[in-house]
Amino acid sequence: MKTADDFLNGQIILIDKPLKWSSFQAVNKLKYLLKHHYNLPKKFKIGHAGTLDPLATGLLIICTGKFTKTISEIQSQTKEYTGTITLGATTPSYDLETEVDATFPTEHITENLIQETTKQFLGEIDQKPPVFSAIKKDGKRLYEHARAGEEVEIAFRKTTIYEFEITRVDLPKIDFRVQCSKGTYIRSLAFDFGKALQSGGYLSALRRTKIGAYDVEVGVTPEVFEQHIMTSSA
């Protein structure tokens with residue numbers, strides 16, 4: 001059973017973030033629960049090691065107390081994702097946050113072509129972050145520029161794809177598993193993959209399964225975490 005001192009000294013909590021929750025919401029939920037049940041000070045430190053978009057589910061690592069100093073170290077570790085790319089169309093956000101803005105042919109796409117095309121994305125690649133992202137440009141987040149209808153020039157960034165496996169083909173949808181370096185945008189990978197297939201593509205589902213040695217299989221939802229806290233303080 002954890003004590004107030006345990007959380008103040010530092011804990012790493014593995015959360016399985018639900019769909020449509022922001023990472024900020026998840027951290028705030030845990031912060032409220034811990035402060036309320038353990039009577040922790042107002043300046044109690046808590047933060048997450050790597051944002052997950054609201055439309056993604058999976059592993060969100062939350063650090064408390066002195067362990068918040070390890071956030072940068074955790075963020076730099078290899079990440080693993082599973083998900084679905086829908087071929088034959090694109091969206092401005094490269095995912096389901098925005099509506100389809102263009103459609104493309106898929107008749108020429110075979111399972112063999114899909115498997116061969118993954119090889120183009122292995123190793124160090126140049127990737128352009130989505131315009132709907134939190135990167136800052138001219139003092140504003142890119143998504144703020146995008147929602148205001150402003151066009152901005154986005155520079156390519158180096159990223160590394162260690163593994164890119166297609167796990168199911170049911171056109172126009174394909175399921176995948178990716179291991180990648182810090183800073184990789186899976187939405188951009190989906191968009192670029194569709195383009196490489198002489199078609200279009202957008203990310204229609206995403207789940208983060210691992211960060212380094214941390215695995216979502218041992219994570220809990222915020223709801224289950226709350227139940228654990230209630231039980232331990234009863």
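See the structure shown above.
Residues numbered from 1 in each chain as written. Predicted model: local features only at pLDDT ≥ 70, side-chain atom pairs only at ≥ 80, totals over all residues. Heavy atoms only, no water.

1. Remarks on the pairing of strand β10 (residues 157-170)
Thinking step 1. Sheet topology places strand β7 (residues 123-127) next to β10; five bridges connect them, and they run antiparallel. Counterpart to Asp126 in the pairing with β10 is Lys158.
Thinking step 2. The pairing of β10 with strand β11 (residues 173-180) spans eight bridges and is classified as antiparallel. Within β11, the residue paired with Glu163 across the bridge is Gln179.
Thinking step 3. Between β10 and β11, which follow one another and run antiparallel, lie two residues. (Pairing = 2+ DSSP bridges. Helix = DSSP H or I, 4+ residues; strand = E, 2+ residues; numbered from the N terminus.)

2. Some remarks on helix α6 (residues 186-196)
Thinking step 1. Those residues of α6 not exposed but buried are Ile186, Arg187, Ser188, Leu189, Ala190, Phe193 and Gly194.
Thinking step 2. Elements that come into contact with the buried residues of α6 comprise β4 (79-87), α4 (111-118), β7, β10, β11 and β12 (201-211). (Buried < 20%, exposed > 50% of the residue type's maximum accessible area, 1.4 Å probe, protein only. Contact = heavy atoms within 4.5 Å.)

3. Digging into the packing of aromatic side chains
Thinking step 1. Counted according to the given criterion, the structure contains six aromatic pairs.
Thinking step 2. Ring geometry for Phe121 against Phe164: centres 6.3 Å apart, planes inclined by 85 degrees, an arrangement best described as edge-to-face. With Phe121 in the loop between α4 and β7 and Phe164 in strand β10, this residue pair connects regions lying 43 residues apart in the sequence. Like Phe121, the residue Phe164 is buried in the burial classification.
Thinking step 3. Ring plane angle 65 degrees and centroid distance 5.2 Å describe the contact between Phe164 and Phe193, whose orientation is recorded as edge-to-face. (Phe/Tyr/Trp six-rings, centres within 6.5 Å; stacked < 30°, edge-to-face > 60°.)

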